[in-house]
Amino acid sequence: MFIQEWTKGFEKKYKFVERLGGAGDKGRDVVAYITDPNAPAPEWDNYQCKHYKTPVQPSHMWSDFGKLCYYCWKKDYSPPKIYRIVAPLEVSPSFKELLKDPAAIREGLKLNWGSHCERGGITTKADVPLDGDLASYVESFDFSIIGYVPIVDILEQHAKTPFWDIRFKELPPQRPPVTLPPQLPSSLETRYLQQLLEAYSDHEKTALNTVEEIKVFQNHFRHYERSREDFYKAESLYRFTKDFVALGSFEEFKKQILDGVIDICDGDFDSALDRLKATTQEAARLPPCPGHLGNLATIGDKKGSCHHLANEDKLIWKK
C-alpha cells in the first residue's frame, strides 16, 4: 500500500496505479500506467516490492526476472518502460553493480534459470524450460529497464502526496509561499468583496459600491487590502491541502473556524463593519484547530477563512 501511495507523488505522471502483488500477479506488484491502461499496449512501469531482513540479493530476484521475460514472451503484458525493485533495506552492493550491467543480468538469469525458474519458480502449472523461442526472447530482452529505487527518493516523492500527513503526522510537508492577490479581483472573490462593501457602507451610512469610492476612507481601504491578502492566504492553504494533506482537511478547518466565531458574528453591533472586525479578531485568537491543519494554519489563514465563509454566505456581516 505504501508504494501505491508513493506513486501518487510523481506529479501526475501516472494515469492509473493498481496493486497486484500476490498469487497470480505474474511478477507484478505495483503497476503504474503512463498511458490509458485499457489501450492495446499501454505504457507502464513496474515496481517490485521486496520485504527481506537483508538487502535484496540476486538470488531473491531470479524468479521475478524469469516471470518478467516469460509473461512478456507470452504477450500476457507488454514489457514495462522501467522495472524497479523497491525494498526497505534496498539492494546489496554487489547487486547494485550487477544492475548496472544488463548483459550480466541476462547471463545470471540464464545460469540460474534451472534452479530458480524452471520448476515452480514462474508457474506451478507446468515446467518452463529455457529453450526454443523463449530462450531467443530472453537473449533479445532489454534488461536495461531493471533497476532499484533508493529509499530517500521514495520518501521525497511520498512527501508530495496527500498520504504523507496521514502516515507521518509529526513531519507535515512544508507549505509553498503564499499566493498574493491579483491586482484586479477575480470571479473567485465576488461575494465576500460585495459583503465588504456592504459593511463599509453600513459603517459610513452611505453607499460605497466600488473600490474607488472606499479609497476616500483610507482606513477602510487598508482593511480592504488586508482582507484580500487574508483571503488568498486561506486560498493558498486550500490549494496546498488538495495536493499534500488528507482530502477534506480545509473544509474541516473552515467548519472549526465557523464554530469558533459564529456566536460573535450573531451578536449585536453598531455596524456591519464592527461585526466583521470582531469576528475576524475572534478567529485570530482561536487556538490551533483539531485535525490535519492545526499546526499549519496561520493567523492570516484563520482570518482569511472568515472571508471564505462570507463568500459562501455562511457568515453575513450586514444583518
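Just above, that's the structure.
What you see is a predicted model; the values in this text were computed from it and never measured.

**Q** How should the pairing of strand β3 (residues 44-49) be read in this particular structure?
**A** Regular strands have side chains that alternate between both faces of the sheet. Within β3, six of the six residues are buried, leaving the element largely enclosed by the surrounding structure. Side chains Trp44, Asn46 and Gln48 project from β3 onto one buried face, and the interleaved Asp45, Tyr47 and Cys49 project onto a second face that is buried too. By the bridge criterion, four bridges tie strand β2 (residues 30-33) to β3 in an arrangement that is antiparallel. Across the sheet, Val31 pairs through a bridge with Asn46, a residue of β3. Pairing of β3 with strand β4 (residues 82-86) involves five bridges; the strand directions are parallel. Within β4, the position partnered with Asp45 by the bridge is Ile82. You can see the chain leave β3, run along helix α2 (residues 58-73) and come back into β4, and the turn it takes is right-handed.

**Q** Where do I start with α2 in this structure?
**A** Along an α-helix, residues three or four apart share an orientation, since each turn contains 3.6 residues. Between its terminal C-alpha atoms α2 stretches 22 Å, which fits the 22 Å expected from 16 residues at 1.5 Å a residue. Here α2 lies mainly inside the structure; 13 of its 16 residues are buried. Backbone geometry just after α2 places Lys75 at a positive phi near 65°.

**Q** Can you walk me through unusual backbone geometry in this structure?
**A** Among all residues save glycine, negative phi is the norm, and among peptide bonds the norm is trans. At Lys75, a residue that is not glycine, the phi angle is positive and equals roughly 65°. Relative to the helices and strands, Lys75 resides in the loop between α2 and β4. At Glu90, a position not held by glycine, the phi torsion is positive, near 60°. With respect to the secondary-structure elements, Glu90 resides in the loop between β4 and α3 (93-99).

**Q** Help me out: how do you make sense of the packing of aromatic side chains in this one?
**A** Given two aromatic rings, their pairing is described by the distance between the two centres and the angle made by the two planes. Summed over the entire model, instances satisfying the criterion amount to 15 aromatic pairs. With a centroid separation of 6.0 Å and an interplanar angle of 45°, the aromatic rings of Tyr70 and Trp73 are classed as tilted. In this pair, Tyr70 and Trp73 are both assigned in helix α2, three residues apart and thus about one turn of the helix distant. Classification of Tyr70 by relative accessible area gives buried; the value is 13%.

**Q** Which parts of the structure should I look at to understand the nonpolar core?
**A** Soluble globular proteins: nonpolar side chains tend toward being buried together. Among the nonpolar cores identified, the biggest contains 33 residues, and Leu196, Tyr200, Ile214, Tyr224, Ile257, Leu315 and Trp317 are the most heavily contacted of them. Counting only elements with at least two residues in this core, the list comes to α8 (190-204), α10 (218-244), α11 (249-265), α12 (272-285) and α13 (299-311). Ranked by residues supplied to this core, first place goes to α10 with seven residues. With residues up to four places along the chain from it excluded, the contact list for Tyr224 reads Pro185, Leu193, Leu196, Tyr200, Val211 and Ile214.

**Q** Any chance you could explain the pattern of salt bridges here in plain terms?
**A** Enumeration according to the criterion identifies 18 salt bridges in this entry. For the salt bridge of Asp76 with Lys26, the shortest nitrogen-to-oxygen distance reads 2.7 Å. Taken as a pair, Asp76 in the loop between α2 and β4 and Lys26 in the loop between β1 (16-19) and β2 lie far apart in primary sequence, 50 residues in all. A salt bridge links Lys254 to Glu312; the nearest nitrogen and oxygen atoms lie 2.3 Å apart. You can see Lys254 sitting in helix α11 and its partner Glu312 sitting in the segment after α13, a full 58 residues away along the chain.

Thresholds, definitions, all that
Residues numbered from 1 in each chain as written. Predicted model: local features only at pLDDT ≥ 70, side-chain atom pairs only at ≥ 80, totals over all residues. Heavy atoms only, no water. Buried < 20%, exposed > 50% of the residue type's maximum accessible area, 1.4 Å probe, protein only. Helix = DSSP H or I, 4+ residues; strand = E, 2+ residues; numbered from the N terminus. Pairing = 2+ DSSP bridges. Right-handed = clockwise from strand over helix to strand, strands pointing away. Expected span 1.5 Å × (residues − 1). Phe/Tyr/Trp six-rings, centres within 6.5 Å; stacked < 30°, edge-to-face > 60°. Core = buried A, V, L, I, M, F, W, Y, C linked by side-chain atoms within 4.5 Å. Contact = heavy atoms within 4.5 Å. Salt bridge = Lys/Arg side-chain N within 4 Å of Asp/Glu carboxyl O.

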